[in-house]
Amino acid sequence: PYTTLFRSPEYNTSAQVLVFVFEQNWDTSIIHKKIDTIKHKLRKAEIAGITHVDENILEHNEHNTILSFLMFEQPAFSIRRIDMIGKTDEEVAALLRSELPNGTKCVMTLFQRLNRDIGRILEGAGDIPAFGADAVVSGFFDDGGIGYVFNCNGVYQDALILVIFHGENLQVQLSYNFGWTPVGKTVTVTDIRDEYNVTEIDGKPAAELYETYLGIPYKRNPLSVMNICEFPLISEDHGLRKGRIPYAWDVDGTLRFMAAIHKGEKLRLSYGLPQQIFSQVYDDAEAFRAFEPQALLMIICMNRVIFLQDYEHLEIDAYRSVQPEAAFLHGNAEVYREHGVGGEMHSALVAVGFREGSIQARPQARAVPLEVAEGE
């Protein structure tokens, strides 16, 4: 596949080549080897990567990496790394702000959460749109698992990889699809152990919420995401609904989350209907059709995959009807922020379209998803 790309006219006439690496191997020596191979085979390549998971590829162990290539006719992006070790979220937000030049169209953020409040960090972007993903950890929902992000220079844990899109002729369109409907009364987070462990809701053990509404006694049943995937909790940020899925609960009723939840935050239980979710996706795909993206990327929550099961491909198909070479990745959480609202999401599909120039006269820019076998 490298030879085919190297000989393509798009590659040879491009000013910049961005390679997204979506990796399903958590052995850092193997990741380093793959980075070195890309750099050796494709001298123009600039790399932004993250550990993710795609069950369809996991079933075939010889194929565990997805590469997606974006080739730009004019300079369009920069890649930066922010080392977050020993820094507060506010300090990281300030560093993020300092990295964004005038004329930035949007920024992609790749990270492993490690008890970070990504919403607070993204405040550093101001009104600049942001999207991205949280690295999937080894063992997926294992508290001790490790996820990685990487670029041409290395593989990192507590770091933020930024892909800053600032091309003069570049146009970017973001969208956010959630689709779950709130149900029941609004409840309040009344106590937390920290921002990822909610101990009380409305003065009662937090897990009682699921016992009351879904009939799952938390003291006798371990939490399975499979049991509650259609019932995420919802918080609202200036009218934007944000999903929150607990991945475990403790015998004392503490709910454990991947994304930050604050004391005093208002929550509602929600339910999902596939036809309602698909309707929103189809409407969004039509909006992208009018935009005519030359490249399209989807960031899809694994909870949607678990919920939709065999029908999950319909979401991808909708966007690929607009851009057949559209790529996708799954993370522990997805990032969406526009107009200063948003942050880390769950159960959502975030889509991002790119094009250079006007719709009537565009240069060539393509996203080419390739599956690369281990060792190639």
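So, here is what we can say about the structure in this document. (Residues numbered from 1 in each chain as written. Predicted model: local features only at pLDDT ≥ 70, side-chain atom pairs only at ≥ 80, totals over all residues. Heavy atoms only, no water.)

**Examining the sheet that holds strand β22 (residues 341–345)**
Backbone hydrogen bonds are what pair the strands of a sheet, in a parallel or an antiparallel way. Overall, mixed pairing links the 6 strands, which are arranged β4-β9-β5-β6-β21-β22 in an open sheet. Of all strands in the sheet, those with a lone pairing partner are β4 (77–83) and β22, marking the two edges. Direction aside, neighbouring strands of the sheet carry axes that sit 15° apart on average. As paired strands, strand β5 (residues 106–111) and strand β6 (residues 130–134) are joined by 5 bridges and run parallel to one another. Looking across to β6, one finds that Thr 109 is bridged to Gly 132. Strand contacts of helix α5 (residues 89–99): β4 and β9 (159–165), with the helix running at about 160° to β4, the strand carrying the most contacts. (Pairing = 2+ DSSP bridges. Helix = DSSP H or I, 4+ residues; strand = E, 2+ residues; numbered from the N terminus. Axes fitted to C-alpha atoms, helices over the stretch in contact; angles between N-to-C directions. Contact = heavy atoms within 4.5 Å.)

**Notes on the sheet that holds strand β19 (residues 295–301)**
Strand order in the open sheet formed by 4 strands is β10-β23-β19-β20, with mixed pairing between adjacent strands. At either end of the open sheet lies a strand with only one pairing partner, and these are β10 (170–177) and β20 (327–331). If you compare each strand with its neighbour and ignore which way they point, the axes differ by 15° on average. By the bridge criterion, 5 bridges tie β19 to β20 in an arrangement that is parallel.

**Focus: the pairing of strand β2 (residues 45–51)**
Counting buried positions along β2 yields 6 of 7 residues, so the element is predominantly enclosed. Once the chain exits strand β1 (residues 16–23) it traverses helix α3 (residues 28–41) before rejoining the sheet at β2, and the crossover so formed is right-handed. Here 3 bridges tie β2 to strand β7 (residues 149–151), and the two strands are oriented antiparallel to one another. In the strand pairing of β7, Ile 50 is matched with Val 149. (Buried < 20%, exposed > 50% of the residue type's maximum accessible area, 1.4 Å probe, protein only. Right-handed = clockwise from strand over helix to strand, strands pointing away.)

**Comments concerning the side chain of Thr 188**
Note on placement: Thr 188 falls in strand β11 (residues 181–194). A polar contact of 2.8 Å, which involves the side chain of Thr 188, links it to the side chain of Lys 266. Excluding its chain neighbours within four sequence positions, the residues that come into contact with Thr 188 are Glu 200, Ile 201, Asp 202, Gly 264, Glu 265 and Lys 266. (Polar contact = N/O pair within 3.5 Å; in protein donor to acceptor, adjacent residues only side chain to side chain.)

**Some words on helix α11 (residues 313–320)**
When we look at burial in α11, the residues that qualify are Glu 315, Ile 316, Ala 318 and Tyr 319. Within α11, the buried residues cover an arc of 155° as seen down the axis, which keeps them to one side. Elements that come into contact with the buried residues of α11 comprise β10, α9 (274–291), β19, α10 (302–308), β20 and β23 (349–356). (Arc of directions from axis to C-beta.)

**Concerning the packing of α9 against α11**
Where α9 meets α11, the axes come as close as 9 Å, and the angle between the chain directions of the two elements is 15°. As the angle between them shows, α9 and α11 are arranged roughly parallel. Crossing hand, α9 versus α11: right-handed. Packed against α9, whose contacting residues are Ile 277, Phe 278, Val 281, Tyr 282, Asp 284, Ala 285 and Phe 288, the element α11 presents Leu 314, Glu 315, Ala 318 and Tyr 319 at the interface. Here the contact of α9 with α11 is composed, by residue class, of 9 nonpolar, no polar and 2 charged. (Parallel < 35°, antiparallel > 145°, perpendicular 65-115°, else oblique. Left-handed = near helix turned anticlockwise from the far one by under 90°. Nonpolar A, V, L, I, M, F, W, Y, C, P; charged D, E, K, R; others polar.)

**A look at α5**
Those residues of α5 that sit buried are Asp 89, Val 92, Ala 93 and Leu 96. Take α5 and look down its axis: the buried residues cluster within an arc of 105°, on one side only.

**Re the packing of aromatic side chains**
Considering all chains together, one arrives at 11 aromatic pairs under this definition. Both rings, one in Trp 180 and one in Phe 307, keep their centres 5.5 Å apart while their planes meet at 45°; by these two values the pair is tilted. Here Phe 307 lies in helix α10 and Trp 180 lies in the loop between β10 and β11, a separation of 127 residues in the sequence. Measuring from centroid to centroid gives 6.1 Å for Phe 288 and Tyr 319, while their planes differ by 70°, and the two rings are edge-to-face. Placement of Phe 288 in helix α9 and of Tyr 319 in helix α11 is noted, with a sequence separation of 31 residues between them. (Phe/Tyr/Trp six-rings, centres within 6.5 Å; stacked < 30°, edge-to-face > 60°.)

**Focus: the pairing of strand β12 (residues 197–201)**
β12 sits mainly inside the fold: 4 of its 5 residues count as buried. In this sheet, β12 lies alongside β11 in antiparallel orientation, the contact comprising 4 bridges. Along β12, the bridge assignment pairs Val 189 with Ile 201. Taking the residues between adjacent antiparallel strands as the criterion, β11 and β12 are bridged by 2 residues. Of the pairings in the sheet, the one linking β12 to strand β17 (residues 255–257) comprises 2 bridges and is antiparallel in character. The residue bridging Asn 197 from the neighbouring strand is Arg 256, located in β17. Pairing of β12 with strand β13 (residues 204–205) involves 2 bridges; the strand directions are antiparallel. Along β13, the bridge assignment pairs Ile 201 with Lys 204. Joining the antiparallel neighbours β12 and β13 is a turn of 2 residues, in which Asp 202 adopts a positive phi near 55°.

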